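# Understanding the architecture of this molecule
Spelled out, the chains give:
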Amino acid sequence: MKRVLTIQDISCLGKCSLTIALPVISAMGVETVILPTAVLSTHTMFKNFTVKDLSDQIEPIKNHWLSENVEFDAIYTGYLGTAEQIDQMKELFRDFRKDGSFVFVDPVMADNGKLYPAFDMDYVKKNAELCAEADIIVPNITEAAFMTGMEYREEYDESYIKEMLGKLNELGAKISVLTGVSLSPGKTGVMGYDREADDYYIYQNDRIDASYHGTGDLFSSSCVGAMLRGKTWQEAMQIAADYTAYTISETLKNPAKPWYGVDFEATLPELINKL
């Protein structure tokens, strides 16, 4: 059985970050080891949430694993709240990278043309440095615009996306994938570039007029799980995109109208069947 280490925050209530990564990747038949970077009472769409930073725990946990000769087939990072934690991740990658493993970075920090309130351009620079250490990165267009210095656009064509992928490639990752890419009306999906193969990949779904917290984590987690189950990165992107879209559409049917996350628990059989 393959083993992945995923490093993100954990919200005690709320479907995002580790509360998605752990059940989703485990259900895909991959041993999932977690390293929480912070613990929150709920995710940040709730009011008056509590948060405890766990940066001081990362080093001793890592050192314990090293003393036990623990190995990972993949390392997957999501939301990292501080520049200090990004530096810790770069060191951790170097300590645990091995032949045949891969590092997957989702540089969560921005959306809709804006950085999240807690972050600034110094944090953007740190995330770009982290992406340089990765094998595959999956920023959205906003995050990529900040890291590459390109103008953020809500209306664009394929040449704009290819230029952005080229600039992401210069950061150093082997494979750069942009999420939330819409190249025709009513469609959305991903476009990626494999530097070693000099090859582009595009996959589009029908756009669903809904937005839920944690869907980016659902996409990344299912993609990592699929790759560890032997799928190519292109196959994994398609599986993840289809599964995320399906889960959103099923959540919309829920008469309780859940607002803080998608009903991924009910759609896991669909994901498993895709493998």
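A brief report on the enclosed structure follows. (Residues numbered from 1 in each chain as written. Predicted model: local features only at pLDDT ≥ 70, side-chain atom pairs only at ≥ 80, totals over all residues. Heavy atoms only, no water.)

## Some remarks on the pattern of salt bridges
To be explicit about the condition: Salt bridge, as used here: a side-chain nitrogen of Lys or Arg that lies within 4 Å of a carboxyl oxygen of Asp or Glu. Elements are defined by DSSP. Helices are runs of H or I of four residues or more, strands are runs of E of two residues or more, and each kind is numbered from the N terminus. Note on exposure labels: buried denotes an accessible area under 20% of the residue type's maximum, exposed denotes more than 50%, and partly exposed covers the range between, all computed with a 1.4 Å probe on protein chains only.
Here the structure, examined in full by the defined rule, presents 20 salt bridges. Across the pair Glu31 and Arg3 runs a salt bridge, and its minimum N-O distance is 3.2 Å. Here Glu31, found in strand β2 (residues 31–42), pairs with Arg3, found in strand β1 (residues 3–13); they are 28 residues apart in sequence, far enough to count as distant. Judged by its relative accessible area of 34%, Glu31 falls in the partly exposed class. Taking relative accessible area as the criterion, Arg3 reaches 25% and is therefore assigned partly exposed. Measuring nitrogen to oxygen at the nearest pair gives 2.8 Å for the salt bridge that ties Lys62 to Asp95. A residue pair is termed long-range when its members are at least 10 positions apart, and Lys62 in helix α2 (residues 55–67) and Asp95 in helix α3 (residues 83–96) qualify at 33 residues. Judged by relative accessible area, which is 2%, Lys62 ranks as buried. Given a relative accessible area of 33%, Asp95 falls into the partly exposed group. Look at the salt bridges and you will find they share partners, linking Glu59, Lys62, Glu91 and Asp95 into a network.

## Quick word on the nonpolar core
Here is the rule we go by: What makes a nonpolar core is a set of buried Ala, Val, Leu, Ile, Met, Phe, Trp, Tyr and Cys residues whose side-chain atoms join them at distances within 4.5 Å. By definition in these notes, contact holds between two residues if any of their heavy atoms fall within 4.5 Å.
Ranked by internal contacts, the top residues of the largest apolar core, which has 42 residues, are Leu5 and Ile161. Aside from chain neighbours lying at most four places away, what touches Ile161 is Ile141, Tyr156, Leu178, Val181, Leu183 and Met191. Formed by 38 residues, the second largest nonpolar core is a distinct cluster that contains Met28, Val177, Ala226 and Met227.

## Focus: the environment of Cys16
For Cys16, the location among the structural elements is in the loop between β1 and α1 (18–27). Residues Cys16 and Ser55 lie 39 residues apart in sequence; the distance between their C-alpha atoms is 19 Å. When sequence neighbours within four positions are dropped, the list of residues in contact with Cys16 reads Ser11, His43, His213, Gly214 and Asp217.

## A word on the sheet that holds strand β3 (residues 51–53)
Selection rule: One bridge is not enough; two strands pair if DSSP finds at least two bridges between them. Lines fitted to C-alpha atoms define the axes, with helix axes restricted to the stretch in contact, and inter-axis angles between N-to-C directions lie between 0 and 180 degrees.
Across the sheet, which stays open at both edges, the 9 strands sit in the order β3-β2-β1-β4-β5-β8-β9-β10-β11 with mixed pairing between neighbours. The two strands at the open ends of the sheet, each matched to only one other strand, are β3 and β11 (199–206). The pairing of strand β10 (residues 187–194) with β11 spans 8 bridges and is antiparallel. Across the sheet, Tyr193 pairs through a bridge with Tyr200, a residue of β11. Contacts between α1 and the sheet are confined to β1, β2 and β4 (74–77), with β1 contributing the most and set at about 135° to the helix. Contacts from helix α6 (residues 158–169) reach β8 (136–137), β9 (175–181), β10 and β11, with the element oriented near 140° to β9.

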